[in-house]
Structures are given as structure tokens and as C-alpha cells.
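One-letter residues, chain by chain:
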Amino acid sequence: MSTLLVAASGGHLTQLHQLRPRLRGVDGDVVWVTFDTPQSRSLLAGEEVVFVEEAPTRDVGAVVRNLGPALRLLRGRDVGAVVSTGASIALSFLPLARARGIPTYYIESATRALAPSLTGRLLQPLPGIGLYAQHRAWARGRWRWAGSVFDGYAVERRAAPELRRVVVTLGSHPHFGFRRLVEGLLGALPPRADVLWQTGATDVHDLDIHARQAVPDAELRAAMAGADLVVAHAGIGSALAALDAGHAPLLVPRDPAFGEHVDDHQLQIARALSDLGLATVRSADDLGPAALHAAASLRATRAASPPPFALS
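In this text the structure is predicted, and so the values were computed from the model without any measurement. (Residues numbered from 1 in each chain as written. Predicted model: local features only at pLDDT ≥ 70, side-chain atom pairs only at ≥ 80, totals over all residues. Heavy atoms only, no water.)

1. Overview of the nonpolar core
Membership of the largest hydrophobic core comes to 38 residues, with the highest contact counts inside it found for Leu23, Val83, Phe150 and Leu311. When residues of this core are traced back to their parent elements, those giving at least two are strand S1 (2-7), helix H1 (11-19), strand S3 (29-34), strand S5 (79-86), strand S6 (104-107), helix H9 (236-244) and helix H10 (265-275). With sequence-adjacent residues up to four places away left out, leucine 23 is seen in contact with Leu5, Val83, Ile107, Phe309 and Leu311. (Core = buried A, V, L, I, M, F, W, Y, C linked by side-chain atoms within 4.5 Å. Buried < 20%, exposed > 50% of the residue type's maximum accessible area, 1.4 Å probe, protein only. Helix = DSSP H or I, 4+ residues; strand = E, 2+ residues; numbered from the N terminus. Contact = heavy atoms within 4.5 Å.)

This is the structure in C-alpha cells:
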């Protein structure tokens, strides 16, 4: 039997990939279902993957169009369970799987520190779908808590290094730029620093930087491992990649008041990670050399065996 692991590319996929070795309660071979992006191809190299149509944020049409591939996959394989970390791709797969009597589990993104996302709220009334929050504070009713992608990380302070190599990542969202972060850093970074700029949808053509829209996952993680500082938008995938590379990142959350995202979930996760001591958080208008050096002084480690994430 196969377990389908279903997630949108970006932070949703990173979380499910991180949780996979900790999942308990599902068995069989794993088949990944996600979008065809440089990140997914790099992260899932060597895995069995089924690519479906990319579903942008709150694109109802893409959810409907992915119902066909979902039904064909569920009919064509002996599927023992379906697990998803969202986002809207979960709406194409989980209700159909549950209607066919297949155990289904939805793990809400850790970015949702206060309440479920729109996807979570839409799935909540459907009977039989296991619902999991990654924050104890709102795990009640049908929402259970079995752990978090941030379990097992610890941070310690060291002498701040000279900032010679810096990674700046704005994530891979195709529709939202984050020019304020780039402009805020330009006056704060040391002029001789070697900076990898991964800028996604942000238009930086008129700035004197060598920017790349996308960087393969393996290359980005290697650059982070060799960097003195990682600065990132408060995307869950970027934060996890930085922590895995040994950095407590400097997170700059996107603000929906400036049209930088659809809601305030990046403000939520930045605050949660700051409270856990796993990141330094600044606004795009509050970046300076002191903030950069303070963040660079924090190193992250992770326990060899984080606790299991039990699905039931």
C-alpha cells in the first residue's frame, strides 16, 4: 500500500518533508504529490513524485481542476493513507480520499500560530479527517496536537562573526514581491559581503545586486551552511532551512498592509519563533548593522532524534 504525502511547493512541502521521518500511524511506500518547481525537484530527488497543476493562493479553479488527477491517483493505486500540510491542494485530495474510506490527515502549517488557515477551516466540518495543529495554544475541539516541525531545535550565542557571506531569501511565492526587505538590507550589509540574493517575485532590476529568482533547494541549503548570516522573509520553509543549516535566522515578516501577502501569517510565525528563541525578528524598516550582527551571533542545533509525530 502507498501513503500519499500531499503538499504545495514552498514551505508546505518543506514541512511535510521534515515531518516524514517522524510520522507514526501510516505505513507503506511513499508517493509525493506536489507542484513541479525547482524546489520540489531538488528536495524530492530520488523519490516517487506525481506533479499536479500549481494552485495559487485561493485559486478555486485550480482546486477543481486537480480533482481529476486526485481521483485517478486514488483509483489507480492501493492507497493506505493521505497526509497533507496544505495548502489548497489538500482540498483536492483529502475530501475525495475520505469519501473512499481512506484514512486522511491534515497537519496545519506551523505558520498558523493563532488559528487554522482557510484550508483548515474548510476541512474542519468534514467528518473523519484527522486535524492537527502545530501550536498547543489552539489545539482544541477536533484539532489535536502531536508536535511541531520546530521540535528539537536549540539556540546558543557565540561571538558574532565578520559578515563575509550572507544569504538573503525571499521565498518562491510567484505573486508577492518584498522590495522593502531588499531596500532595507542594502544600507545595512557590509559593502564587501558576498551576498546570495534569492528574490522570488520581487522586481529588483534597477538595483545594483546580482539576484536570482529561484535557487535549487540543495544549492540554497549549502549556501546557508557556509554563510555567516541568513536573512529571510518569515516563510516556514526558509526558517527551517536556516535552522537546519545551523542558523537562528534574521526573519523579516511580510506585512499584508503593504500588499506583501494575503494575511498576517508571517507576522504570526515570526512572533512564535522569536518567543521560542529560534529567530531574531525585525521589520523591513528596522534593519541595521547592529541587528545583523546580533542575529549572526546565534547558532542553532537540532536533536538527533526529535519526538515522533503520531497520527491517529
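2. Quick notes on the packing of H1 against H9
Orientation of H1 relative to H9, taken along the N-to-C sense of each, is 45°, at an axis distance of 7 Å. If you check the angle between H1 and H9, you find them oblique. Only Ile236, Gly237, Leu240 and Asp244 of H9 make contact with H1, whose side of the interface consists of Gly11, His12, Thr14, Gln15 and Gln18. Considering only residue class, the contact of H1 with H9 consists of two nonpolar, six polar and one charged. (Axes fitted to C-alpha atoms, helices over the stretch in contact; angles between N-to-C directions. Parallel < 35°, antiparallel > 145°, perpendicular 65-115°, else oblique. Nonpolar A, V, L, I, M, F, W, Y, C, P; charged D, E, K, R; others polar.)

3. Comments concerning the environment of leucine 4
Among the structural elements, leucine 4 can be located in strand S1. A C-alpha to C-alpha distance of 9.9 Å links leucine 4 and valine 26, two positions 22 residues apart in sequence. For leucine 4, the contacting residues outside a window of four places in its chain are Val31, Leu73, Leu74, Val79, Ala81, Val82, Val83 and Phe93.

4. Description of helix H5 (residues 89-99)
Among the residues of H5, Ile89, Ala90, Ser92, Phe93, Leu94 and Ala97 are the ones counted as buried. Down the axis of H5, the sector holding all buried residues measures 165°, keeping them to one side. (Arc of directions from axis to C-beta.)

5. Topic: the packing of aromatic side chains
Counted under the stated rule, the structure contains three aromatic pairs. Each ring, one from tyrosine 106 and one from tryptophan 143, has its centre 6.3 Å from the other, and the planes form 70°; the classification is edge-to-face. Remark: tryptophan 143 occurs in strand S8 (residues 143-145) and tyrosine 106 occurs in strand S6; sequence separation between them is 37 residues. Each of the two residues, tyrosine 106 as well as tryptophan 143, counts as buried. Taken together, the aromatic side chains of Tyr106, Trp138 and Trp143 make up a single cluster linked through ring pairs. Sitting over the face of the ring of tryptophan 145, arginine 136 holds its NZ or CZ atom 3.7 Å from the ring centroid. Here arginine 180 stacks its cationic end above the ring of phenylalanine 258, 3.9 Å away from the centre of that ring. (Phe/Tyr/Trp six-rings, centres within 6.5 Å; stacked < 30°, edge-to-face > 60°. Lys NZ or Arg CZ within 6 Å of the ring centre and 35° of its normal.)

6. Observations regarding a nonpolar patch on the surface
A cluster of nonpolar side chains, namely Val60, Val64 and Leu67, defines an oily patch on the protein surface of about 260 Å² accessible area. Checked against the element boundaries, leucine 67 lands in helix H4 (residues 67-76). (Patch = residues over 30% accessible without salt bridge, like charges linked within 9 Å, V, L, I, M, F, W, Y side chains within 5 Å. Areas by Shrake-Rupley, 256 points an atom, 1.4 Å probe, with all protein chains shown as cover. Salt bridge = Lys/Arg side-chain N within 4 Å of Asp/Glu carboxyl O.)

7. Examining unusual backbone geometry
Looking along the chain, the bond that leaves glycine 86 and enters alanine 87 is cis, with omega of 0°. With respect to the secondary-structure elements, alanine 87 resides in the loop between S5 and H5.

8. A word on the sheet that holds S8
Spatial strand order, S4-S3-S1-S5-S6-S7-S8: seven strands in an open sheet with parallel pairing. The sheet is open, and its two borders are formed by strand S4 (49-51) and S8, each paired with just one other strand. Looking at each pair of strands side by side, their axes are set apart by 25° on average, direction ignored. Of the strand pairs in this sheet, S6 and strand S7 (residues 129-133) are connected by four bridges, and their pairing is parallel. By the bridge assignment, threonine 104 is partnered in S7 with isoleucine 129. (Pairing = 2+ DSSP bridges.)

9. Digging into the side chain of glutamine 134
Mapping glutamine 134 onto the fold places it in the loop between S7 and S8. Assessed through its relative accessible area of 2%, glutamine 134 is described here as buried. A polar atom in the side chain of glutamine 134 sits 3.0 Å from the side chain of glutamine 15. At a separation of 2.9 Å, a polar atom in the side chain of glutamine 134 contacts the main-chain amide nitrogen of valine 149. Filtering out sequence-adjacent residues up to four positions away, glutamine 134 remains in contact with Gln15, Ile107, Glu108, Ser109, Ala110, Trp145, Gly147, Ser148 and Val149. (Polar contact = N/O pair within 3.5 Å; in protein donor to acceptor, adjacent residues only side chain to side chain.)

Treat this as a map of the structure, not an account of what it does.
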